[in-house]
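What follows is the residue order along each chain.
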Amino acid sequence: MTKPGRPLLLLLALSLCACGKSREKEPNDHFTNATPLRPGASVRGTVASPGDVDVYKVDVGREGALSFRLSGIKDVDFAASWQDHDRQELKKFNETGAGGDEEGLDLGVSAGLYYLAVSNRNAKANNPKQEYVLDIKLEPGPGSESEPNDTALAASTLTVGGVTRGHYFPSRNLLAATTDQVEEDWFRVTVDREGMFSLNVDVSEVPGVDGVLEVYDTANFYKIKEVDSAGPGEPEILRNFGLRGPVQYLMRLRSKTRAANAMAPYEILTELLPYSGTTEFEPNDQRLDATPFTGDSITGTLSPAADEDWYRVPVETSDKRILTLSLSALKGMDLVMLVTDDLGNTILAVDNAGKESPETMTGLGVSTGTFHVAVSEKSRRASDSRKSYTLSKTLSPFQAGLEFELNDSSETAQALKVGESLDGYMAPKGDVDWYEFNVYQGADVSLEVTGVLNVKFLLTLFDQEYQELLGAAAARPGEGVSFQRRLEPGTYFLRLQPAEPGQNNVRDKYTLRLKAQ
Amino acid sequence: MRTLLLPLLAALLASCSRQQVVRPPAPVPPQAVVAANFEVTAVEVVESAEADAVGFVKVYVDNELAGQTQAGPRSSERKWQGSLAPGNRLLRFEAWTAGPLGEPEPMPEEFQPRERFVRVEEGSLTKVLLRFTDGGRKSVLQVGREPLP
């Protein structure tokens, strides 16, 4: 190719490119003379004066998600607004300043006419020559958010058992009725089937955006759950949200800090599983919403921060039973358990170990009744929706020779006979064990408690009038304690406690022996 | 005629004078009243009106039946008072409730209040409050004393 031929080819190529984009047809400053445009097409236009408005009439042939992209012009501060065929304003965009591009995403449309009004917000703009390019795109609707879904009433449909895409965009809802102009995306979750289900929701990460997911009921838009355990650029996860179908819920997704991202969409992945009874059934944040815990173990997550998971433990036998609970550890968290009766009165607070350590309730004596267990994170600040804890329980028959909690006071002292021995735990933290026995004939009675690691025992004997008769302390933690004394006929009480309230041992039992010499 | 009437009248008068005067028995001289120095009050916190059946509590002192409270609704205060010799007395209480057919039956052994010693002091009224909860399955015993009048 000769040198003079090259500019000619370039010119030809440029002119071909120019032929791909139509031009606006002025005057088009009103919907009555709007420039027609089809999805998938591009159009060129100019801003002849600061007050110039270009209206485009977009003929949409099918249902879908409509988007536009408007290239910037020097000095011109674009604003764009979608209107429906009745010229009802649907969504307004003004994300950038002078010279910036504007973009509008995910407008939910059905077949029909829509109008896009392009205007300038800079009164001093004077760039009538430079052209902008407006691109319109229509994508399939299902699986996409459907703007304007900024209110509960205009919620988009969330694909249950699939993926729904959307954008944290624009950064402000310029048509919001409130001054804070929070841009939010509402979704409606519908479960048509009957039964109990667990819904898992994963909201993908979007660079620069700290997403917040909330769940509302449809009856009065009451917020049931908020998930905000991750930071900017991290996913948000809702696990084991319980649904009793058929039912509808609303979800609201928003950016915590108003940060927006038009480039990277979020993806909401939902999974609906039949409820198996082995996971928590959110929301179970209060006693009245407690998840039934009838099996041997159940899993749950603590999210968002300050989440509390309540479980209901029914005991249907009138025989005496020993209830034990074990709670697995979670990274970065100090888990605690609260055990209450059916009315919510606290029976035991279990906080034996520290951060990233399992918790154990060594034994609670129970018979017919309903008990509740609340699992939470001690600081109420940590949360993690990706990691599950496991709460396990045993309910074994009571046997003579075992401690039967609660025996924490003289009023609830456990009966013991001279000549018997008994095994018990000095746990949870702060535990004190009281025992009561009768001496029917005067005798020398010896009392002995074997040592357990980490606990320095204090043993105190009281008479039936609760007068202290004798006290003894172990020499050091882990060592036993004993004494002997002549006791006249009467009722006696024995108090066993650690030297410091924090000392406890959930692994090793002590043995208390009571003998007459 | 007059000779016949006079002896008859005399005989009648004689028979009247021989009739014995019936007197009421002499009153029994008043005995010294032994003041009760021991009182048991049983009461239950019931969960519903249906659970408020009739019940009573038998009181055993030193392994012998000493008496029982009056029968009444379990939520009512049912008392027994007695006079016990001063000293450390071994007390056992046995709660009875109405069975399925209405006949009284004792609560299962594991739910009975545990046996314990209570000191009865001279010149004092020893008051024992036996408070049942949880359908009678749990009980708490409180001992108090006040001077006898």
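Residues numbered from 1 in each chain as written. Chains lettered and ligands numbered in written order. Predicted model: local features only at pLDDT ≥ 70, side-chain atom pairs only at ≥ 80, totals over all residues.

Looking at the overall build of chain B
Part 1: A count of helices and strands for chain B gives one helix and 10 strands.
Part 2: When the elements of chain B are put in sequence order from the N terminus, they spell out α-β-β-β-β-β-β-β-β-β-β.
Part 3: With 149 residues in all, chain B has 18% of them scored as buried.
Part 4: For chain B, long-range pairs separated by at least 24 residues make up 56% of all intrachain contacts whose partners lie at least 6 apart in sequence. (Helix = DSSP H or I, 4+ residues; strand = E, 2+ residues; numbered from the N terminus. Buried ≥ 20, exposed ≤ 12 C-beta atoms within 10 Å, placed from the backbone. Contact = placed C-beta atoms within 7 Å.)

Section: the overall build of chain A
Part 1: Helix and strand counts for chain A stand at one helix and 35 strands.
Part 2: The C-alpha atoms of chain A give a radius of gyration of 35 Å, which is well past the 24 Å a tight globule of 517 residues would have.
Part 3: The C-alpha extent of chain A, read off along each of the three principal axes, is 125 × 50 × 50 Å.
Part 4: Across the 517 residues of chain A, 38% fall into the buried class. (Rg over C-alpha atoms; globule rule 2.2 N^0.38 Å.)

What to know about the pairing of strand β13 (residues 184-203) of chain A
Residues and elements named next belong to chain A.
Part 1: In the sheet, strand β11 (residues 156-157) pairs with β13 via two bridges, with the strands oriented parallel. Counterpart to serine 156 in the pairing with β13 is phenylalanine 187.
Part 2: One ladder, built from 16 bridges, connects β13 with strand β16 (residues 236-255); its direction is antiparallel. Note that in β16 the partner of serine 198 across the bridge is glycine 242.
Part 3: Examined bridge by bridge, β13 and strand β17 (residues 261-274) share seven bridges and lie antiparallel to one another. Its bridge partner being in β17, serine 198 is matched across the sheet by leucine 273. (Pairing = 2+ DSSP bridges.)

With respect to the sheet that holds strand β7 (residues 89-93) of chain A
Residue and element names in this part refer to chain A.
Part 1: The sheet built from five strands is open, its strands ordered β2-β4-β9-β6-β7 with mixed pairing. Sheet topology places β2 (35-37) and β7 at the edges, where each strand pairs with a single neighbour. Strand after strand, the sheet turns through a mean of 25° between neighbouring axes, direction not considered.
Part 2: Inspection of the sheet shows strand β6 (residues 78-83) paired to strand β9 (residues 112-120) by six bridges, in the antiparallel sense. Across the sheet, residue serine 81 finds its bridge partner in β9, namely alanine 117. (Axes fitted to C-alpha atoms, helices over the stretch in contact; angles between N-to-C directions.)

Here we look at the interface of chain A and chain B
Part 1: The interface is formed by eight residues belonging to chain A together with seven residues belonging to chain B.
Part 2: Of the residues in the side of chain A that touches chain B, the class split is two nonpolar, five polar and one charged. (Nonpolar A, V, L, I, M, F, W, Y, C, P; charged D, E, K, R; others polar.)

Points about the confidence of the model for chain B
Residue and element names in this part refer to chain B.
Part 1: Here chain B averages 85 in pLDDT, and 78% of its residues register 70 or above.
Part 2: The element-level mean pLDDT for chain B is lowest in helix α1 (residues 2-17), coming to 56, with strand β1 (residues 38-44) highest at 96.
Part 3: For this predicted complex, the interface confidence score (ipTM) comes to 0.76, while the overall pTM stands at 0.75. (pLDDT = per-residue confidence, 0-100.)

Considering the environment of lysine 331 of chain A
Part 1: Positionally, lysine 331 of chain A belongs in the loop between β21 (321-327) and β22 (335-340).
Part 2: As a C-alpha pair, lysine 331 of chain A and lysine 355 of chain A span 24 residues in sequence and 7.9 Å in three-dimensional space.

Structural notes on unusual backbone geometry
Residue and element names in this part refer to chain A.
Part 1: That bond from phenylalanine 169 to proline 170 is cis: its omega, -5°, falls within 30 degrees of zero.
Part 2: Tracing the backbone shows proline 170 in the loop between β12 (163-168) and β13.
Part 3: Residue proline 428 follows alanine 427 across a cis peptide bond; omega there is 0°.
Part 4: Following the sequence through the fold, proline 428 ends up in the loop between β28 (421-426) and β29 (433-439).
Part 5: You will see that arginine 87, though not glycine, has its phi angle at about 65°, which is positive.
Part 6: Tracing the backbone through its elements, the reader meets arginine 87 in the loop between β6 and β7.
Part 7: In this structure, asparagine 240 is a non-glycine residue whose phi angle is positive, near 60°.
Part 8: Checked against the element boundaries, asparagine 240 lands in strand β16.
Part 9: You can call asparagine 240 buried: it has 24 C-beta atoms within 10 Å.

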